[in-house]
Amino acid sequence: MYSSDHVVMFLIFVAYAMMGACLGSFSGAISYRIAHQKSWIVDHKSNSARSQPARSSCPSCLHQLSLWDLVPILSWVFLKGRCRYCKAPISVRYPIIEICGVIAMALFCLSGGGGIPLILFVLALPFSLAGFLLFIEKKKIPFYIYGALFLSISVFLYAVVAENQIRWLI
Ligand SMILES: [Zn+2]
């Protein structure tokens, strides 16, 4: 018999995993923008003096992506790794980094980390994953990413060691 505590713990675990998928998705977007020297916040249109908020678009056809194209992992699977509009292949880097986000947040959940460590981890994780992607693809990591890597690893170790609440969902 599962008690309501198990159900609550399972739901918390699912919430962490979903947050990890979204953070992974954000990592994929920022690493692309860092690699292509684009702003994370605004897009500067060459034919206009005004900037507009940066939205994700297909690098091949430049079609702006809808919410349905941006569901972590699932969009890539349902679109069979191709752009909905021009059928250009979408790199497997996106679902892979989203799965890495899920794994990182799932491990953080199992380590029992919450509160301030959780907030720090959520802030640092996307930049750490982006650093990982940039290292794999470009063989270099921008210097400010090292701060995020250091923060996420130390907060993770803090959650595992200092809080000492490793719980496994069995
Ligand atoms: Zn396209």
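Up top is the structure.
Residues numbered from 1 in each chain as written. Predicted model: local features only at pLDDT ≥ 70, side-chain atom pairs only at ≥ 80, totals over all residues.

A.B. asks: Which residues make up the overall build of the chain, and what values do they have?
C.D. replies: On a plain count of helices and strands, the chain comes out with five helices and two strands. The N-to-C order of helical and strand elements in the chain reads α-β-β-α-α-α-α. Burial analysis of the chain (170 residues in total) assigns 27% to the buried set. Considering only intrachain contacts with a sequence separation of at least 6, the fraction spanning at least 24 residues in the chain is 67%. (Helix = DSSP H or I, 4+ residues; strand = E, 2+ residues; numbered from the N terminus. Buried ≥ 20, exposed ≤ 12 C-beta atoms within 10 Å, placed from the backbone. Contact = placed C-beta atoms within 7 Å.)

A.B. asks: Account for helix H1 (residues 4-35), with residues named and values stated.
C.D. replies: In an α-helix, one turn spans 3.6 residues, which is why side chains three or four residues apart end up on the same side. Between the first and last C-alpha of H1 there are 46 Å, a value that for 32 residues agrees with the 46 Å anticipated at 1.5 Å per step. Within H1, burial applies to Tyr16, Gly20, Ala21, Leu23, Gly24, Ser25, Phe26, Ser27, Gly28, Ile30, Ser31 and Ile34. Close packing links the buried residues of H1 with helix H3 (93-110) and helix H4 (115-138). Of the residues trailing H1, Gln37 is marked for its positive phi of about 50 degrees. (Expected span 1.5 Å × (residues − 1).)

A.B. asks: Explain the environment of Leu134 to me, and be specific about the residues and the numbers.
C.D. replies: Following the sequence through the fold, Leu134 ends up in helix H4. Taking the number of C-beta atoms within 10 Å as the measure of exposure, Leu134 has 20 and is therefore buried. Taking the C-alpha atoms as reference points, Leu134 and Ile30, 104 residues apart in sequence, are found 10.0 Å from one another. The contact partners of Leu134, leaving out residues within four places of it in the chain, are Ser31, Ile34, Ala35, Lys140 and Ile141.

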